Each structure stands twice: as structure tokens, then as C-alpha cells.
Amino acid sequence: MKFNLQTNILISVILGVMAGFFADEFINIYMFLGKGFITLLKYIVVPLVFASLISGVISLGNLNSLQRMGFKTLAYFIMTTAIASTIGILLAVIINPGKGFILAQTEGSVFTSAMSFKEMFAQIIPTNFIGFISGDNMLFLIILSIFIGILIVAFGRNIAFPIDELFEGFNEFMMIITGWVIAISPIGIFGLVAQLIITTGFAAFVPLLKYMLVVTVGLAIHAFGVIPLIIKTIVKCSPFSVAKEVFTSLATGFTTASSAATLPILLEDTRKKLKVPNKVASFVLPLGITINMDGTALFQSVAAVFIAQIYGVQLSITSLCLIIIIAILSSIGAAAVPSAGIITLAMILTAIGVPIEGTAIILGIDRILDMLRTTVNLWGNTSATLVITKWLGEKAYDK
Ligand code: ASP
């Protein structure tokens, strides 16, 4: 009997849960498998983004097309992130998860001061080559790759050897390597799930259940309501079949809690299975996983209102609008790695006058919410590739 990748991943999740509950003595092996998988993904993400973005810009052919796609992409990103953030705020204001929460005096502080926008953007530019290739500065990598692509479009013909073919070949090579990593993803996912079950202290969930529920319901509304509606009305295809095609990516995002680590798989899924043109996928996805984080913005909005409620800070309509604006900006600044969203949350709290120490309250249970919001981030970016393809008048997925 031959299983497909999706079935293999489901089996590995079930086996991972069982291993976590019944064979916790092998934790080191699970950690090795999970970490090994994430490391492999991290190795390929920088050269892959570099090659795919440059070849994507080259295949656009001219700067006007790049500009057109750039505007449409940013408009879609901002619109969907604002919707997600609004859902989070409305739910938190209506359900009031902070009501009745007793703040323990011992609650420690994780932040001494919030990072300012200036510091956040200053960090984008790496000071040396190692910083550049480490992948920690995804936004810089994206800007540089787009710039190199533009230079090749503008001056490529003056260069004696086919520099565009070089990058296209490199891109195809990186996709072959990505295919190998995807093939072993069930093993990595098994390790990550088993490790999660063993290391999660479920007792910490109890006092925060209401807060977790609000975030989860908000994410569900966005993932099962808003995004499918967009796919159905704009792209005119079945959101369910789309989700099925990118299942490997969503499962990887869920278990790794990192959009950046999942990017290689999502690029492969959207190009091969959703048939998104290379120029769209390789432009929208690297940019999207870095700056379009619907799940993160929604979580941050709920968390900001929740912490304000705990500290008894009254939020005016202006403060609530401010949360939406800063959630959009801070999701641009948040790296696509685990826990990034809770770090940039401090910026929102500072802006609305809520103690940033409040983040310590939700830190202990954040991993599980991080897994959920990362999946929503990736799902939002999947929809972006289809919508932009459609808006550019190209043939999009039609099942
Ligand atoms: N882990 C999320 C991601 O990679 C970012 C966050 O912490 O919200 O998309």
C-alpha cells in the first residue's frame, strides 16, 4: 500500500502524540528529529528566497509589472491584516477574557523596555555578511534580492554571460533540494509533536483558558470564515481543495511555529500544486511570510486588550484603533520565527499605556497559540498568492 505525503503526515502526528504520552523516555531522540528537520529548512531558506525572488523579478520582465504587483500585494496584505486585527479586538472586547483574572504578585518581567520602531527597523540591515546569510534579517534579504533582480532586468543584456539563466537554474536546483526535505517532513513532524506533548505543562493553561479560547475562536473565524470567503469570491475556487493542496505546508507551520522555516515547502506547494505562476509565488510568499501575518496581528490584538483588562486600563476607541495600526506595523517587524509575535507585542502595549511586564502572564502558554497563529499566517499568504494571480489577470487555481 502506498501512502501519500498528507496521509504520512497525519500518521506521524498521531504517532507523535502517542509517543509523547507513552514513551517520554526517548525525548532526546524526538528533539533530535525535530531540530534536525527545522535546521534543514533553515539551511535552505536563505538561498531559496534569494534565488526565487531574483528569478521571480526577472520573469516579470519590467519594472512596471513589478510596481503593479507590489501595490496589489501590499494592499491585500494590509487589508487582511486589518480585518484579522479587528476580529481579535471585537472578540476580546465582547468576551472580556481579562475579567476576574487575578494577577499573581510573583509574575516576573520578561522585558525591561519595549523595542522602538526605530530600533526595530535599524535591525533590518545586517552589519556583516554572516548576518546577511544567517536569515535573521529576512526583510533585508528580500529587499536586496528584489534590487538585484531589478538590476538584472535593467542591465542584464549588457553582461556577456546569461546571468538570468544562472539564477533561474539556481532556483530550480534549490527546488530539487526542497523536495528532498519535504520528503522527510513526516519524520521531523513526528519528533516535534512528541517533544511538544512531553514539554508542555498543561496545568499552566487553566487560568488562561478564556484568553486562549478567544484567540483560538478569532483565528478560527479568520481561517474558516474570512480567508475562505475571499478565496471563494475573488479566486472562485474551493477553499477546501486549496487547503488540501497546501496541507503539508500548514502542518509544517503548525509543528515548527515558524513561517520562515515553512517557506520552502509553501513555495513548492503553491507553485506545483496550486499552479501559482513562479513570478507571483516567489514575490508574494517571501514578502508575505515576513510582513503579512494575519494570525499574529489577531493574537496581538486579543493579547493587548486582555492585558489591558487585567491591569484595569480602560481602552478608548482611539486606543483600539491604535492597536490595529500598530498590529499591522508590528507584524511587519516580527520575524517569521517562534515567539516573534509576543516580542513585538511589547510595542503595542507601550503605545496604549499598558505595562509591558504583562506579556509574562501569557508567555508560558504562548507556544500552542504560536502554532495556531503561524498556521493562519501561512494560510493567509496562500490566499494572497491566489488573489494576486487573479488580480494580475493570470490563470489561477480553478478546482
Ligand atoms: N511564529 C510566527 C510565524 O512564524 C510569528 C509569531 O510569533 O507570531 O509566523
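**Student:** Would you explain the site of the ligand in this entry?
**Tutor:** In the vicinity of the ligand lie 14 residues, with S259, T296, G341, D370 and R373 positioned nearest. Within the backbone of A336, one N or O atom sits 3.2 Å away from an oxygen atom of the ligand. D370 places a polar side-chain atom, nitrogen or oxygen, 2.7 Å from a nitrogen atom of the ligand. Protein contact buries 100% of the 270 Å² of open area that the ligand shows by itself. Among the secondary structure elements, those contributing two or more residues to the shell around the ligand are α16 (340-351) and α18 (366-391). Sort the elements by how many residues they give to the shell around the ligand and α18 lands first, with four residues.

**Student:** It is not clear to me how the side chain of S12 should be interpreted in this structure. Could you clarify?
**Tutor:** Locating S12 in the fold gives a position in helix α1 (residues 5-22). Separated by 2.8 Å, the side chain of S12 and the backbone oxygen of I9 make a polar contact. The residues touching S12, leaving out its near neighbours within four places in the chain, are P186, I189 and F190.

**Student:** Looking at this structure, I do not really get unusual backbone geometry. What am I missing?
**Tutor:** Glycine aside, a negative phi is what most residues show, and trans is what most peptide bonds show. Even without being a glycine, N96 presents a positive backbone phi close to 55°. Of note, N96 is situated in the loop between α3 (63-95) and α4 (117-122). Its relative accessible area of 26% is what places N96 among the partly exposed residues. If you check the backbone angles, S339 has positive phi at about 70° while not being a glycine. In this structure, S339 sits in the loop between α15 (317-333) and α16.

**Student:** Is there a simple way to think about a nonpolar patch on the surface in this case?
**Tutor:** A contiguous nonpolar surface patch, about 730 Å² in accessible area, is contributed by I11, I14, L15, M18, F21, F22 and F202. Along the polypeptide, I11 turns up in helix α1.

**Student:** Just checking my understanding: could you explain the packing of aromatic side chains for this structure?
**Tutor:** Geometry of an aromatic ring pair is reported as the spacing of the ring centres plus the angle between the planes. Evaluation of the coordinates by the stated rule reveals four aromatic pairs. When the ring of Y30 is compared with that of F190, the centres are 5.7 Å apart and the planes differ by 90°; the resulting orientation is edge-to-face. Here the residue Y30 occupies a position in helix α2 (residues 27-60), and F190 occupies one in helix α8 (residues 185-199), the gap between them amounting to 160 residues. The exposure class assigned to Y30 is buried, which follows from its relative accessible area of 5%. Ring geometry for Y211 against F306: centres 4.6 Å apart, planes inclined by 20°, an arrangement best described as stacked. Taken together, the residues Y211 in helix α9 (residues 209-235) and F306 in helix α14 (residues 294-310) connect sequence positions 95 residues apart. Both residues of the pair, Y211 and F306, count as buried.

Each value, and the rule that gives it
- Residues numbered from 1 in each chain as written.
- Predicted model: local features only at pLDDT ≥ 70, side-chain atom pairs only at ≥ 80, totals over all residues.
- Heavy atoms only, no water.
- Near = heavy atom within 4 Å.
- Polar contact = N/O pair within 3.5 Å; in protein donor to acceptor, adjacent residues only side chain to side chain.
- Areas by Shrake-Rupley, 256 points an atom, 1.4 Å probe, with all protein chains shown as cover.
- Helix = DSSP H or I, 4+ residues; strand = E, 2+ residues; numbered from the N terminus.
- Contact = heavy atoms within 4.5 Å.
- Buried < 20%, exposed > 50% of the residue type's maximum accessible area, 1.4 Å probe, protein only.
- Patch = residues over 30% accessible without salt bridge, like charges linked within 9 Å, V, L, I, M, F, W, Y side chains within 5 Å.
- Salt bridge = Lys/Arg side-chain N within 4 Å of Asp/Glu carboxyl O.
- Phe/Tyr/Trp six-rings, centres within 6.5 Å; stacked < 30°, edge-to-face > 60°.

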